[in-house]
Amino acid sequence: MAQSIVDFLVELDTNSKLMEAYKKDPVGTATKYGLPEDEIKIIAEKNWDELSSRFDDTSKTIRVINY
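Residues numbered from 1 in each chain as written. Predicted model: local features only at pLDDT ≥ 70, side-chain atom pairs only at ≥ 80, totals over all residues. Heavy atoms only, no water.

A short note on the environment of Ser52
Tracing the backbone through its elements, the reader meets Ser52 in helix H5 (residues 48–53). We classify Ser52 as partly exposed; its relative accessible area is 28%. As for Ser52 and Val6, which are separated by 46 residues in sequence, their C-alpha atoms are 9.3 Å apart. (Helix = DSSP H or I, 4+ residues; strand = E, 2+ residues; numbered from the N terminus. Buried < 20%, exposed > 50% of the residue type's maximum accessible area, 1.4 Å probe, protein only.)

Okay, structure coming up:
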């Protein structure tokens, strides 16, 4: 499914079912979505600085979700 954590977050913004699953279990949802282990670790550790650095397209709005 996901090519990267950036794709995952964009999908979260547009897919309400995925968002609801993420709210309940962020790590489990990211794992099920197919993110690589190093990107799942970013979510598990809530490393939002690293996450922000992965957005290289400044035309997109960065949306970090904290639940």
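Anyway, onward from the coordinates.
A few points about unusual backbone geometry
Here Lys46, not a glycine, exhibits a phi torsion of approximately 55°, which is positive. For Lys46, the location among the structural elements is in the loop between helix H4 (37–44) and H5.

Remarks on the pattern of salt bridges
Per the stated rule, a full pass over the model turns up two salt bridges. Of the charged contacts in the structure, one is a salt bridge between Lys23 and Glu20, with a shortest N-O distance of 3.3 Å. With Lys23 and Glu20 both in helix H2 (residues 16–24) and three residues apart, the pair spans about one turn of that helix. Across the pair Glu45 and Lys41 runs a salt bridge, and its minimum N-O distance is 3.9 Å. (Salt bridge = Lys/Arg side-chain N within 4 Å of Asp/Glu carboxyl O.)

What about H2?
Taken together, the buried positions of H2 are Leu18, Met19 and Tyr22. The buried residues of H2 occupy an angular sector of 100° when the element is viewed end-on, so they sit on one face. Seen from the buried face of H2, the exposed residues on the opposite side, beyond 90 degrees, are Ser16, Lys17 and Lys24. (Arc of directions from axis to C-beta.)

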